[in-house]
Amino acid sequence: MTAFPWLLSGENSRAFCQAAAAKQGVLRAPGDCFDMPSHFRLGFAAISEKFPDALNRLDEVITNLPAMNMTRA
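The rules behind the values
Residues numbered from 1 in each chain as written. Predicted model: local features only at pLDDT ≥ 70, side-chain atom pairs only at ≥ 80, totals over all residues. Heavy atoms only, no water. Pairing = 2+ DSSP bridges. Helix = DSSP H or I, 4+ residues; strand = E, 2+ residues; numbered from the N terminus. Salt bridge = Lys/Arg side-chain N within 4 Å of Asp/Glu carboxyl O. Buried < 20%, exposed > 50% of the residue type's maximum accessible area, 1.4 Å probe, protein only.

Here three strands make up an open sheet; going across it, the order is β1-β3-β2 and the pairing antiparallel. Two strands close off the open sheet at either side, each with one partner strand: β1 (2-3) and β2 (29-30). As paired elements, β1 and strand β3 (residues 40-43) share two bridges and run antiparallel to each other. Counterpart to Ala 3 in the pairing with β3 is Leu 42.

Attention now moves to the pattern of salt bridges. Applying the stated criterion across every chain yields a total of two salt bridges. Of the charged contacts, one joins Asp 32 and Arg 14 as a salt bridge, the two residues approaching to 2.8 Å between their closest N and O atoms. Highlighted residues: Asp 32 in the loop between β2 and β3 and Arg 14 in helix α1 (residues 14-24), separated in sequence by 18 residues. Take Asp 32: its relative accessible area is 26%, and that puts it in the partly exposed class. Relative accessible area serves as the criterion here: at 27%, Arg 14 is assigned to the partly exposed category.

Here is the structure:
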């Protein structure tokens, strides 16, 4: 299962995706790969016993979004 949400700011999601990977190991595909820069692809395919941990790490990324020191792509 996948989702294709977007950043409400409308900015390119690449920096957001890179920060999430660097800070929490949460991988996403930035929308500019799909010609929709403010979107990002989020996949929900995980080993069942690790899925709760993955959701917690994603929550940490979203909660700390302003503190991630993202640079615009």
